Every structure is written in structure tokens, then in C-alpha cells.
Amino acid sequence: MYKVFVNEKKLLISKNPENLEKVLNYESFTTLEIALDLLQNTSTSELNVYGEQIDEIWGEFKKLFRIIEAAGGIVNKPNGDTLFIRRLGKWDLPKGKMEKGESREESAIREIEEETNLQNVELRDFINTTYHIYIERNGDRVLKHTHWFEMFFDGEDTSKPQLEEGITEVAWKNTTQIENEVFPNTFQNIKLIINEFWDTKSK
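Since the model is a prediction, treat every value here as computed from it, not as a measurement.

Considerations on the nonpolar core
At step 1: Formed by 23 residues in total, the largest nonpolar core has its most connected members in Leu-11 and Phe-61.
At step 2: Secondary-structure elements contributing two or more residues to this core are strand E1 (2-6), strand E2 (9-14), helix H1 (29-41), strand E4 (46-50), helix H2 (54-62) and strand E9 (122-135).
At step 3: Per element, the largest residue contribution to this core is five residues, and it comes from H1.
At step 4: Residues lining this core come from more than one domain, with at least three contributed by each of domain 1 (1-62) and domain 2 (73-200).
At step 5: Once residues lying within four places of it in the same chain are set aside, the contact partners of Phe-61 are Val-4, Leu-11, Ile-13, Leu-32, Leu-36, Ile-133 and Leu-143.

Here it is in C-alpha cells:
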């Protein structure tokens with residue numbers, strides 16, 4: 001199952017039909033173009049494309065886009081607080097594009113250090129990958145794969161925002177603050193990965 005966010009609307013690609021607002025049985029490449037059109041140009045807020053050959057469907061879907069790989073992390077302190085950045089008025093997790101020759105892990109650590117000025121962040125476990133779509137100024141359609149890692153920090157708090165990247169604030173948030181302050185003013189894929197991380201920790 002793949003969850004992709006298109007302008008904050010959810011596209012679910014799955015093997016079996018899911019109970020969403022609109023459901024399309026995959027028949028051909030055209031089904032995917034119809035799905036994107038509905039999410040981008042109508043009031044449809046969630047859509048499911050389903051079919052037995054899910055890997056084939058995902059492969060066809062990716063052909064519609066230029067792929068960008070990125071990496072980032074959920075960084076926690078010993079007291080459980082989580083590190084967030086504020087960019088363009090929204091709360092976000094530190095992340096960024098992978099550079100040529102970098103591993104996902106190296107990229108995640110570098111981006112966190114660059115965007116927040118923290119040093120010696122400890123990388124722990126891979127969490128999952130999120131997907132979202134955007135249109136570049138030249139009209140290119142981009143599918144961004146962001147690989148998320150659990151991180152730990154227990155050093156001197158040297159955090160400050162990377163202003164040249166449009167980041168205006170770096171802040172540690174506890175669970176209550178995340179639910180009351182971050183979730184109402186963040187992106188769907190950020191909510192998704194945080195909730196997934198919380199679920200794994202509660203098991």
C-alpha cells in the first residue's frame with residue numbers, strides 16, 4: 001500500500017479497495033492520470049486506486065513524475081521532546097534532498113545538522129518513507145520520496161534556524177504541544193510519519 005499526498009489530498013494505491021471518498025479500479029495508465037486530475041482539479045479530497053498488481057501500478061505511477069529522494073528525522077531528547085522547524089509559517093520536521101553519493105542515513109544527519117545547527121545527532125532506526133507530489137515552476141511534476149529515521153540527541157542545545165533556507169524557528173515540542181500546536185499547522189505526510197512513529201513506540 002502506498003499513500004501519496006497531492007496538495008494535501010490523499011491518494012492511496014492498494015491491492016484491495018479501501019473505504020475512501022472515491023475508488024477507482026486500475027485498468028490502465030489512464031486510470032492514474034484520471035486520479036491525479038480528480039485530486040488536483042476537483043473537490044475530491046481522498047481517492048483510492050486499487051488492483052492486484054500493486055508493484056506494477058506503482059511503477060507506472062512513478063513514470064508520471066521526476067523522482068526526488070530526500071531524507072530527514074524525528075529527533076528526540078531524553079525527556080521525549082521532538083525537534084521541529086518552522087518554515088513558510090508551517091511546522092515541519094528537518095529534512096532535505098539527498099546529495100549525489102550520499103546514503104539515506106548520511107543525508108538525514110547532514111540535513112538535520114544544517115537546518116537546526118545541532119551537532120552529533122545519533123541515528124537510530126529507519127521509520128518509513130512518505131510520498132508527496134508538487135509542481136515546479138517550470139511545470140515539471142515531482143514525486144518526492146522522503147526517508148525518515150528515528151534520531152536521538154543528548155548534547156548541548158546549539159539549535160538555531162537556517163535562515164537562508166527560509167527556516168524561521170527551531171523548537172522542541174512535547175506530545176501535547178505536537179497535538180495542539182503542530183498538527184493543526186503542518187503537512188499531512190508529517191502527521192502520518194509522526195503517528196506511525198508513535199504507534200511503533202507504543203507497541
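Additional details are given in the paragraphs that follow.
As for unusual backbone geometry
At step 1: A positive phi is found at Asn-117, a non-glycine position, where the angle reads about 70 degrees.
At step 2: You can call Asn-117 partly exposed: its relative accessible area is 27%.
At step 3: Not every positive phi belongs to a glycine, and Asn-120 is a case in point at roughly 60 degrees.
At step 4: The exposure class assigned to Asn-120 is exposed, which follows from its relative accessible area of 68%.

Overview of the UniProt feature "domain: Nudix hydrolase" (unreviewed entry) in the chain
At step 1: Within this numbering scheme, the UniProt entry marks residues 65-197 as carrying the feature "domain: Nudix hydrolase" (unreviewed entry).
At step 2: Helix makes up 23% of residues 65-197 and strand makes up 42%, while its end C-alpha atoms are separated by 28 Å.

What about helix H3 (residues 104-116)?
At step 1: Taking 1.5 Å per residue as the helical rise, H3 with its 13 residues ought to reach 18 Å, and the 18 Å between its terminal C-alpha atoms agrees with that figure.
At step 2: Among the residues of H3, those classed as buried are Ser-107, Ala-108, Arg-110, Glu-111, Ile-112, Glu-115 and Thr-116.
At step 3: On the buried face of H3, the contacting elements are strand E5 (66-76), strand E6 (82-87), strand E8 (95-97), strand E10 (141-152) and strand E11 (167-173).
At step 4: Asn-117 sits one or two residues past H3 and shows a positive phi near 70 degrees.

Examining the packing of aromatic side chains
At step 1: As enumerated under the stated definition, the model contains eight aromatic pairs in all.
At step 2: When the ring of Tyr-2 is compared with that of Tyr-131, the centres are 6.1 Å apart and the planes differ by 65 degrees; the resulting orientation is edge-to-face. With a gap of 129 residues between them, Tyr-2 in strand E1 and Tyr-131 in strand E9 connect regions that are remote in the sequence.
At step 3: By relative accessible area, Tyr-2 is classed as buried at 18%.

Focus on H2
At step 1: Taken as a whole, H2 has its buried residues at Ile-54, Ile-57, Trp-58 and Phe-61. Summarising the axial view, the buried residues of H2 lie within an arc of 100 degrees, below the 170-degree limit, and thus occupy one face.
At step 2: Buried residues in H2 make contact with E1, E2, H1, E4, E9 and E10.

Brief notes about the environment of Gln-40
At step 1: Following the sequence through the fold, Gln-40 ends up in helix H1.
At step 2: The partly exposed category is assigned to Gln-40, whose relative accessible area is 26%.
At step 3: Put simply, Gln-40 and Glu-8 are 32 residues apart on the chain and 10.0 Å apart in space, counted from C-alpha to C-alpha.

Digging into the domain arrangement of the chain
At step 1: The domain boundaries assigned to the chain delineate domain 1 (1-62) and domain 2 (73-200).
At step 2: Distance from the C-alpha centre of domain 1 to the C-alpha centre of domain 2: 26 Å.
At step 3: If you look at the interface, domain 1 gives twelve residues, while domain 2 gives twelve residues.
At step 4: Here domain 1 meets domain 2 over a buried area of about 1100 Å², counting both sides, of which 66% is carbon and sulfur.
At step 5: With five residues, E1 is the largest single contributor of residues to the side of domain 1 that touches domain 2.
At step 6: Looking at the side of domain 1 that touches domain 2, its residues break down into seven nonpolar, two polar and three charged.

Points about the packing of H1 against H2
Each packed pair of helices is defined by two parameters, the angle between the axes and the distance between the axes.
At step 1: It is at 10 Å that the axes of H1 and H2 come closest, and there the two elements cross at 60 degrees. Relative to H2, H1 is oriented oblique. As for how H1 packs across H2, the hand of that crossing is right-handed. Here H1 contributes Phe-29, Leu-32 and Leu-36 to the contact with H2, which in turn contributes Ile-57, Glu-60 and Phe-61.
At step 2: A breakdown of the residues in the contact of H1 with H2 according to their chemical character gives five nonpolar, no polar and one charged.

Rules used in this analysis
Residues numbered from 1 in each chain as written. Predicted model: local features only at pLDDT ≥ 70, side-chain atom pairs only at ≥ 80, totals over all residues. Heavy atoms only, no water. Core = buried A, V, L, I, M, F, W, Y, C linked by side-chain atoms within 4.5 Å. Buried < 20%, exposed > 50% of the residue type's maximum accessible area, 1.4 Å probe, protein only. Helix = DSSP H or I, 4+ residues; strand = E, 2+ residues; numbered from the N terminus. Domains from an automatic or database assignment. Contact = heavy atoms within 4.5 Å. UniProt positions renumbered as here; feature names shortened; annotations may be inferred. Expected span 1.5 Å × (residues − 1). Phe/Tyr/Trp six-rings, centres within 6.5 Å; stacked < 30°, edge-to-face > 60°. Arc of directions from axis to C-beta. Buried area = accessible area lost by both parts, 1.4 Å probe. Nonpolar A, V, L, I, M, F, W, Y, C, P; charged D, E, K, R; others polar. Axes fitted to C-alpha atoms, helices over the stretch in contact; angles between N-to-C directions. Parallel < 35°, antiparallel > 145°, perpendicular 65-115°, else oblique. Left-handed = near helix turned anticlockwise from the far one by under 90°.

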